[in-house]
Amino acid sequence: MKKLLLLLLFIPLVAIGQNISVSNLLKVAKMDRESFEIYAMDRGFVFENVKEDEDIKGLTMFRGGPGSEEYLSNYSKYFSYKYAANYQTSNTKRLSSIYKELKTLGFKLVDSKGRENDSDGFQYEKNYERGTKELLNIYIKSDWVEIGYNLRK
């Protein structure tokens with residue numbers, strides 16, 4: 001009986017640990033590339049692509065399948081920002097917990113708007129700030145959520 005109770009207590013912790021939270025995204029932004037690769041692989045992500053040009057230097061990892069895709073990116077260079085990270089998921093049901101975590105972390109909503117995008121269709125964009133340097137953007141579609149975090153220099 002004790003083993004069963006321990007097992008039932010452990011299963012939810014494992015399930016919760018697999019989601020990428022806003023706090024995790026903030027940590028990912030500050031990692032060097034190798035630390036990010038280890039972090040992502042330990043969570044079941046595999047290599048997706050690398051982007052290196054004049055404005056961007058980043059690595060994207062992927063996990064999931066149709067209907068459960070997730071992308072996690074780490075940028076050591078992202079335009080004029082000190083560092084950045086990005087998380088995309090097809091699990092739009094997580095939005096409520098993301099909003100609650102943003103409040104807990106001290107992020108304030110500064111702008112929200114709908115926008116039409118020829119390639120992606122209609123999106124809802126929400127912009128958050130914490131202090132004067134931290135920016136967090138959420139792009140929402142009916143079947144997709146993208147969270148971008150940037151730190152100003």
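What you see is a predicted model; the values in this text were computed from it and never measured.

J.: Explain the sheet that holds strand E3 (residues 70-78) here, please?
T.: The strands making up a sheet associate through hydrogen bonds between their backbones, and the pairing can be parallel or antiparallel. In spatial order, the strands read E1-E2-E3-E4-E8-E7-E6-E5; together these eight strands make up an open sheet with antiparallel pairing. Only two strands of the sheet have a single partner each, and these edge strands are strand E1 (46-52) and strand E5 (108-117). In this sheet, neighbouring strand axes are inclined to one another by 15 degrees on average, regardless of whether the strands run parallel or antiparallel. Both strand E6 (residues 121-130) and strand E7 (residues 134-141) contribute to a ladder of seven bridges, which runs antiparallel. Note that in E7 the partner of Glu125 across the bridge is Tyr139.

J.: Whenever I open this one, the side chain of Gln123 confuses me. Can you help?
T.: Within the secondary structure, Gln123 is located in strand E6. In this structure, Gln123 is in contact with Lys113, Gly114, Arg115, Asn117, Tyr139, Ile140 and Lys141, ignoring residues within four places of it in sequence.

J.: Would you mind showing me how to read helix H2 (residues 22-29) here?
T.: When you tally the buried positions in H2, you get six out of eight residues, the bulk of the element. Considered for burial, the residues of H2 that qualify are Val22, Asn24, Leu25, Leu26, Val28 and Ala29.

J.: Would you mind showing me how to read the nonpolar core here?
T.: Taken as a class, soluble globular proteins show a tendency for nonpolar side chains to be buried jointly. Phe36, Leu72, Leu102, Leu136, Ile138, Ile147 and Tyr149 are the most contacted members of the largest nonpolar core, which has 29 residues in total. Of all elements in the fold, only H2, helix H3 (33-42), strand E2 (56-63), strand E4 (81-89), helix H4 (95-104), E7 and strand E8 (144-152) reach the threshold of two or more residues within this core. Broken down by element, the residue count for this core peaks at five residues, all from H2. Residues within four places of Leu102 in sequence aside, it is in contact with Val22, Phe107, Tyr128, Leu136 and Ile138.

J.: How do you make sense of unusual backbone geometry when you look at a structure like this?
T.: With glycine set apart, most residues show a phi of negative sign, and most peptide bonds adopt trans. Backbone geometry places Phe79, a non-glycine residue, at a positive phi of 50 degrees. By the element assignment, Phe79 lies in the loop between E3 and E4.

J.: What should I look at first to understand the pattern of salt bridges in this one?
T.: Side chains carrying opposite charge are able to pair once their charged atoms draw close together. For the coordinates displayed, the defined rule picks out seven salt bridges. Ionic pairing is found between Glu52 and Arg33, a salt bridge with its closest N-O pair at 3.0 Å. Residue Glu52 is found in strand E1, and its partner Arg33 is found in helix H3; the two are separated by 19 residues along the sequence. Lys113 serves as the salt-bridge partner of Asp111, at 3.2 Å between the closest nitrogen and oxygen. Note on Lys113: relative accessible area 37%, which makes it partly exposed.

What counts and what doesn't
Residues numbered from 1 in each chain as written. Predicted model: local features only at pLDDT ≥ 70, side-chain atom pairs only at ≥ 80, totals over all residues. Heavy atoms only, no water. Pairing = 2+ DSSP bridges. Helix = DSSP H or I, 4+ residues; strand = E, 2+ residues; numbered from the N terminus. Axes fitted to C-alpha atoms, helices over the stretch in contact; angles between N-to-C directions. Contact = heavy atoms within 4.5 Å. Buried < 20%, exposed > 50% of the residue type's maximum accessible area, 1.4 Å probe, protein only. Core = buried A, V, L, I, M, F, W, Y, C linked by side-chain atoms within 4.5 Å. Salt bridge = Lys/Arg side-chain N within 4 Å of Asp/Glu carboxyl O.

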